Protein chains: 8
Amino acid sequence: MSAVERLFEAVARGELSPAEAAARLPEVELAQLGDAALDLAREARRGRPEAIYGEGKTPDQVARIARRLLEAGQNVIATRISAEAFREVEPLLAGLPLDYAEDARLLRIMPRPVPRRSGLVAVLCAGTTDLPVAREAALTAEFHGSPVELAADVGVAGLHRLLGRSDLLRRARVLVVVAGMEGALPSVVAGLVKAPVIAVPTSVGYGAHLGGVAPLLTMLSSCAPGIAVVNIDNGFGAGYLADAINALGDGVAG
Amino acid sequence: MSAVERLFEAVARGELSPAEAAARLPEVELAQLGDAALDLAREARRGRPEAIYGEGKTPDQVARIARRLLEAGQNVIATRISAEAFREVEPLLAGLPLDYAEDARLLRIMPRPVPRRSGLVAVLCAGTTDLPVAREAALTAEFHGSPVELAADVGVAGLHRLLGRSDLLRRARVLVVVAGMEGALPSVVAGLVKAPVIAVPTSVGYGAHLGGVAPLLTMLSSCAPGIAVVNIDNGFGAGYLADAINALGDGVAG
Amino acid sequence: MSAVERLFEAVARGELSPAEAAARLPEVELAQLGDAALDLAREARRGRPEAIYGEGKTPDQVARIARRLLEAGQNVIATRISAEAFREVEPLLAGLPLDYAEDARLLRIMPRPVPRRSGLVAVLCAGTTDLPVAREAALTAEFHGSPVELAADVGVAGLHRLLGRSDLLRRARVLVVVAGMEGALPSVVAGLVKAPVIAVPTSVGYGAHLGGVAPLLTMLSSCAPGIAVVNIDNGFGAGYLADAINALGDGVAG
Amino acid sequence: MSAVERLFEAVARGELSPAEAAARLPEVELAQLGDAALDLAREARRGRPEAIYGEGKTPDQVARIARRLLEAGQNVIATRISAEAFREVEPLLAGLPLDYAEDARLLRIMPRPVPRRSGLVAVLCAGTTDLPVAREAALTAEFHGSPVELAADVGVAGLHRLLGRSDLLRRARVLVVVAGMEGALPSVVAGLVKAPVIAVPTSVGYGAHLGGVAPLLTMLSSCAPGIAVVNIDNGFGAGYLADAINALGDGVAG
Amino acid sequence: MSAVERLFEAVARGELSPAEAAARLPEVELAQLGDAALDLAREARRGRPEAIYGEGKTPDQVARIARRLLEAGQNVIATRISAEAFREVEPLLAGLPLDYAEDARLLRIMPRPVPRRSGLVAVLCAGTTDLPVAREAALTAEFHGSPVELAADVGVAGLHRLLGRSDLLRRARVLVVVAGMEGALPSVVAGLVKAPVIAVPTSVGYGAHLGGVAPLLTMLSSCAPGIAVVNIDNGFGAGYLADAINALGDGVAG
Amino acid sequence: MSAVERLFEAVARGELSPAEAAARLPEVELAQLGDAALDLAREARRGRPEAIYGEGKTPDQVARIARRLLEAGQNVIATRISAEAFREVEPLLAGLPLDYAEDARLLRIMPRPVPRRSGLVAVLCAGTTDLPVAREAALTAEFHGSPVELAADVGVAGLHRLLGRSDLLRRARVLVVVAGMEGALPSVVAGLVKAPVIAVPTSVGYGAHLGGVAPLLTMLSSCAPGIAVVNIDNGFGAGYLADAINALGDGVAG
Amino acid sequence: MSAVERLFEAVARGELSPAEAAARLPEVELAQLGDAALDLAREARRGRPEAIYGEGKTPDQVARIARRLLEAGQNVIATRISAEAFREVEPLLAGLPLDYAEDARLLRIMPRPVPRRSGLVAVLCAGTTDLPVAREAALTAEFHGSPVELAADVGVAGLHRLLGRSDLLRRARVLVVVAGMEGALPSVVAGLVKAPVIAVPTSVGYGAHLGGVAPLLTMLSSCAPGIAVVNIDNGFGAGYLADAINALGDGVAG
Amino acid sequence: MSAVERLFEAVARGELSPAEAAARLPEVELAQLGDAALDLAREARRGRPEAIYGEGKTPDQVARIARRLLEAGQNVIATRISAEAFREVEPLLAGLPLDYAEDARLLRIMPRPVPRRSGLVAVLCAGTTDLPVAREAALTAEFHGSPVELAADVGVAGLHRLLGRSDLLRRARVLVVVAGMEGALPSVVAGLVKAPVIAVPTSVGYGAHLGGVAPLLTMLSSCAPGIAVVNIDNGFGAGYLADAINALGDGVAG
């Protein structure tokens, strides 16, 4: 019951006059503003737990937040947990079903069952050095309930490798396309499929690549419609969004 | 019938020996490579006609391509058609049901019925000066079959305006969020909803806004997951993708 | 009276049971969320009317918004109204006390009396070509109630000009310092005074000046504390903030 | 007594003729120019001691400057003192009341009582990883005399967290808003309050965030007036300016 | 005969003693330094006349330089001659066999026969709006002696269009690949062929395309070896280099 | 034999009717699309093995790919193999004729004889600190069959050093010109020779050099035609392309 | 006589006691601060009049400032006066010896004789399109008293043209080297001479030239010492500095 | 005697006919081209030895080049020699008069007497953290013969510190002004003096300072004429140029 509801009751019970209630309204309203917004957000958070952004957090902070989320009945996903960080976090979470992927720097703890979407998320990546980001995307989409198939090393410099995966391109309900270097893969893929394409530039490259800015601009400037782009190396964001889109295909809101 | 199919027939009819067919295969295969790819692409194009990018095209070119698409049984959408350009294109397409939106610089010709999705695309925009891009997104999504509701002037500097549209936020299956200036709106919206958010930075602003680079970087760096970004002022791309995602909710591939 | 207040009355009058009121609460709360936020914002807007950002608005839009604000009992300030735009807006606002400054591209309509702060806002500008931005800042601060003194052409290449204005530097409660070219003036001024300094880079310059980016970076990197920076050419924002700070000195919140 | 004053006395005492005094004037004036300027600066420095910028200084340099300031009767604040640096500085300042905050990399030594402003400085920060910069701002404002309340983790992706702090927003005379990632928080806050907002972008983020350039541009491009921005990670500058503004509310110049 | 050679003769004829010759040597050497270098350059220029860069030149200057080159027995190629400029230049060059291509902004005057290479230069371009730059490349290569085939509109978003031109890809000795937008085409082409690829980014695009910087970075970061890049919109440079490479295949130096 | 060929045979043998073959065609075509593309690529790869990009690969990955290529009868070239990486890779490839150049970070294994071009590739570099990149280019060109002469330290600040190598400039069929700092060397060289010039900017420099962006822009903006540019520090790409161009002079395609 | 000097006299005359003088000192000192600084600056301005920066000034402003300077006995130099602006300024300055150079956009009025330095300023420029900036430099140096020789079209792509001017290179006491495109000329020149080189990048170029940023970075990154750089297109600044350096050779301070 | 001179003698002695000499001329000329250029450069190098750029050179390389220069009778200056590098170089140069400045990372070996200019070079720096760059400039100018006075910590935020050094400002024939952070100092200094000002931006700063780009742009955009700029942290270049200018005042060419 909200603070305002309690005021209703008090007014109805004659414990407060409407005037007195009005006098106390401002602070009640302010508190309620937060409550109402929380209410609004509650549904959005249901089934889609908040992720822990590991960068810049101490092992202690990561472990404490993870435990709090688990206690709230949620599964846990923590991004950007380096191997070193994991070694320190691991003992702090002893006894829990830790699922750590060193390449993707991703820690998942999934005591609760996860929904299983009917649609497929395809994660493609241009080169093997892009694999960690692609894996982060794949494991994130899986974490939220999407079946995933990952095809590595299908970069545009050897088109046959991509065309050899046409079957996968056709079967996917959503595609995550990860590419560093020149970042041309999403444009090529989007020209071959009807499904939405989420493009992820990576920091793999050097010189004029500018730490990922080159493929980022490439993807934003794509001449193929049906593409949207996430931040450089943001495999997590791509996997999250891919699952949200995939869920729609099962009639589940985002 | 593809070139290879015709070879089958010839072989079956005894007009060609398998050996002779094999000898002629290379050139046939090369041609077919294109055909096959076209085949692959054909489905993708079904119901989702190629758009005409109006920038840098002469009125003549626009009109000629439009007619060709119409003759192929497709509806037509042409982007970045300025009022001046439209005045020159209009007589060249006399007699056709031209639907021109000057603010969005969008020309649509829709003699064929359009599918009608069951889900709603919400298009939000931060300021009234962002409206043309928002309108481009809305009209594009509609063109492909999505019902659209557009809420203008819900920028973050007056949060109550956005919160006053909570109902729309909840009802939308996909959201397109358009913002110039600081581009903060998509982050705020994505924190309130579960549906996928397509963010569109606009070139509205000055100085450190750098022609849209500021909101672009903002949106890519968003701390809220579930957002993907299209190019600056790319309302068309956002509307196209929004509809493709929306279609999934009706069990229609991309 | 807010929607929730009206519910109180109805409950108190027995027209609604607490249960019925609770059932109608969600939609009322959503509406109220906006109302409450508006409430929160109402005080902020009191005496400090919303400005009209003229860029990209039609004369009609400017005139319509201006009239609406005037009818709401507010004074009007419209920025980035070019001389051409003003010529078209003027007849649409005939009969009103229009105060237009062509150099500052600022239109003010002030039928209501304006508060008069006790503190002084000093607006300094480095070169005469920076004057339009300085004037925008000065007229904006005045609009909100601050007395303003403007000293032009006190750039650092002729330090004596600045030092000759030491008296003004001392008397000001807040300073707005406007500079294009290398943008060094705010650093020098902030080293001479104790009052807060709002720095405004301008787009006056060429080449490595990069349209104002050079003085912007200069001001942000200043080695003198007590400076904060607004966007390139944003005289309005500087004048607005200067008045808000100035008001504090009279015990008036922001 | 200034050099010129001493000349007065000598002239009055007949020790120097006006002509002789005039002959010696140039060098005296030059020296005095500095003195006068120092004079001008003296008031500015009263109660607001010069800070030690720790970056690139040896422990020895830091300790020596600190001692000199203490001997001059001032309190000491040294920024960007890493934990390692502090370990080396600590023994060099043994016996002094060292107040070191490792997260904020701030060393304060406050043997002298500090003024106590009547107004409140609110420091908000978007994420927990922005906390060190927020803490630097808070401790700096406190150092100069401002009571501070710090609210962490009120980022725009979970708006309810911010709205839940509306009370703090209302009570603050000045706000420092710290945000990395997309840097949207200051715009949202400035839309809710009347008090001046000092925005601090942080280097927390990756990829298109460009080491803080993204939130910096965001904040400069804000559509909400009443914001000014300091350099990336410049918590010190924000805290310093916040106190200077806050002091005005008590009738204390800057 | 060079100045030094004339000195030889004079010494041999006894008109100058070796000592006198030595005395006059410095100035002769200085002049000769230029001559020698000119000598070195002479061969390089033979058959490959200097181009006229039309931008920023008056019609008069263009015409005068053109006449001078023609008189020296060379063919003329002038770049960046707009339609307006050509209208003014035309009467100044009346009577000459002017060959002007408005789309490519290229003026060629070829009274002298041009060598005819045995190899083919293929010029591919991604979109029809890239055609002017592609045409500039093609006409330039032709001007120097290369047979050219131009294939327009073979962008990566419709891969079948490119694959349908496999035959051309195979036959070309050198390829010029022109692309705006995301600039992915050269990478794809270089993955399909063995011949050298000269990539030309164009300024066709908007927003994050940054006037051609996006495809430029893309092409430089290409994961396919065998590509080199020229400046944005530099069709002339690409055509020139393509012919120089093509000439090698005929045993002709550069 | 391709899948389609097998269908021919089956049709010819009467095992399949043309209709049945047509029904099975789609999946066969898709598979074949890859095959055909591979076919297309096969010739391109003959004699020009794929390089291993060492950056970001584990020693294990490098060794495994190297062995696979050797087993396929190809020579091996691996780039960006640091001395540390080589120490770990070496034992994994024991017994093979490893040819490692620490300065160029290049590992070559060449059990198969390499073709020997008749033309010369000249590699010039401006300063001794540019030598590693120049060496990478030289060793790569050699690996593919080109004789190479490398001239170090011929930067433009001492023009005599370059002019003293005029003989080399004349004899080269292709030139690779490597330069950091201001990157002016390629322009000067291209003004002296007729042969194609491949320009390689390096990351040698500091400050406004921006990690190689300065010489990159310099080279792209060169006023001398006949230059094309590869990525910063991309000695491998330059050497590869130089050999491909050089091969043309021997009548060998790319 | 300064304000302080007048105080001396009054004290000596007994009109003021030293104490009274001390009481009036602060305001006198403040005023004097400016005076003293002016004094300091006076010598600097002698013979080197302030220039009028014409950009953004009205014809009226230009004429008024010019007349004021002339009345003060100075010659006048006004930069960035377009042909249009000059047509409007001309009648306002009728009767004066106007010396207007349209290409350099420079207006000079020199009724007073100008000093004549003994040393030579050489102004070199790479291309004919760089000539306006070179001319601005040359006319400015002349204005201040330096004899100037200008050599146009000596760009590095045709080295012989530069080497052919070795005599000029040797005779110059100071060199101004102007270059657009790749901006390599100053590095080459500085490697040939001992005299100071002032480098001026120009905005002549396109694409990766970025409006002059490419040659600017080139010049700053030059491997040849003895170069300093001024802003893009800043011929005035280069000519001014060249004369100031040249003056030193005659024993004239700056 | 040059190769051509020897040919003269041989012709005069009848050992070679003019025809034979002509036949051998080309190779002789080519060699001589270098010689002549070297000749040209010889004077430039006299008394101004080539510096060793230490960055990226091994201790061995540094020592070897140093010895070679010493043997050629020159003094040695090596830049960017870190303390670690010096520890390794020191034993390799045992017995030589090594003069190493750790802060400036500069190694000087000066067995030969250095000329002594009559003019003074003033080196000013804004903050103590800029001191290493200022010291590099000062030691370099001294190395070439200029007396130097260095004034540290005269940044614009405390103007009195600068004005207190007016005497130095007046006495200097050339000024080197070093500044990080906002880089405003050169503009202020150039407004106070007549002497040429060489501005050196430093990498001291953070955030929007962008590693020195902010003060670099500031200095290039300076509104005060008489300034030229060298690369970020290029104390060596500034000191070198300062001495070259200073030498002019003694009638010594550059």
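The structure we're discussing is the one just above.
This one's a predicted model, so the numbers in the text were calculated from it and none came from an experiment. (Residues numbered from 1 in each chain as written. Chains lettered and ligands numbered in written order. Predicted model: local features only at pLDDT ≥ 70, side-chain atom pairs only at ≥ 80, totals over all residues. Heavy atoms only, no water.)

S.K.: Quick question: what am I supposed to make of the overall build of chain A here?
M.R.: The helix and strand inventory of chain A stands at 10 helices and nine strands. Looking at the 254 residues of chain A, the share that counts as buried comes to 63%. In chain A, once contacts between residues fewer than 6 apart in sequence are set aside, the share between residues at least 24 apart is 67%. When the accessible surface of chain A is totalled, it reaches about 8900 Å², and 49% of it is carbon and sulfur. (Helix = DSSP H or I, 4+ residues; strand = E, 2+ residues; numbered from the N terminus. Buried < 20%, exposed > 50% of the residue type's maximum accessible area, 1.4 Å probe, protein only. Contact = heavy atoms within 4.5 Å. Areas by Shrake-Rupley, 256 points an atom, 1.4 Å probe, with all protein chains shown as cover.)

S.K.: Is there a simple way to think about the pattern of salt bridges in this case?
M.R.: Where charged atoms from two side chains of opposite charge come close, those side chains can pair. Residue and element names in this part refer to chain A. Evaluated as defined, the whole model comprises 96 salt bridges over all chains. Residues Arg64 and Asp60 are paired through a salt bridge, measuring 3.6 Å at the closest nitrogen-oxygen approach. In this pair, Arg64 and Asp60 are both assigned in helix 3 (residues 59-71), four residues apart and thus about one turn of the helix distant. Take Asp60: its relative accessible area is 44%, and that puts it in the partly exposed class. Residues Glu142 and Arg108 are paired through a salt bridge, measuring 3.7 Å at the closest nitrogen-oxygen approach. Taken as a pair, Glu142 in helix 5 (residues 131-144) and Arg108 in strand 4 (residues 106-109) lie far apart in primary sequence, 34 residues in all. Residue class for Arg108 comes out buried when judged on its relative accessible area of 6%. Counted as one network, the salt bridges with shared partners bring together Asp99, Arg108 and Glu142. (Salt bridge = Lys/Arg side-chain N within 4 Å of Asp/Glu carboxyl O.)

S.K.: Could you clarify how one ought to interpret helix 5 (residues 131-144) of chain E in this entry?
M.R.: Structural remark: α-helix, 3.6 residues per turn; residues separated by three or four positions point the same way. All names here are of chain E. Between the first and last C-alpha of helix 5 there are 20 Å, a value that for 14 residues agrees with the 20 Å anticipated at 1.5 Å per step. Of all 14 residues making up helix 5, 10 are buried, and the element is well covered by its neighbours. Among the residues of helix 5, those classed as buried are Val133, Ala134, Glu136, Ala137, Ala138, Leu139, Thr140, Ala141, Phe143 and His144. Looking one or two residues past helix 5, Gly145 carries a phi angle of roughly 125°, positive in sign. (Expected span 1.5 Å × (residues − 1).)

S.K.: Any chance you could explain the sheet that holds strand 3 (residues 98-101) of chain G here in plain terms?
M.R.: Residues and elements named next belong to chain G. Ordered in space as 1-2-4-3, the four strands form an open sheet in which the pairing is mixed. The strands lining the two open edges of the sheet, one partner per strand, are strand 1 (52-53) and strand 3. Pairing of strand 1 with strand 2 (residues 76-79), which is carried by two bridges, proceeds in the parallel orientation. Across the sheet, Tyr53 pairs through a bridge with Thr79, a residue of strand 2. The strands touched by helix 4 (residues 83-92) are strand 3 and strand 4 (106-109); relative to strand 3, the strand with the most contacts, the crossing angle is about 165°. Strand contacts of helix 5 (residues 131-144): strand 2, strand 3 and strand 4, with the helix running at about 15° to strand 4, the strand carrying the most contacts. (Pairing = 2+ DSSP bridges. Axes fitted to C-alpha atoms, helices over the stretch in contact; angles between N-to-C directions.)

Function-wise, these values are silent; they only describe arrangement.
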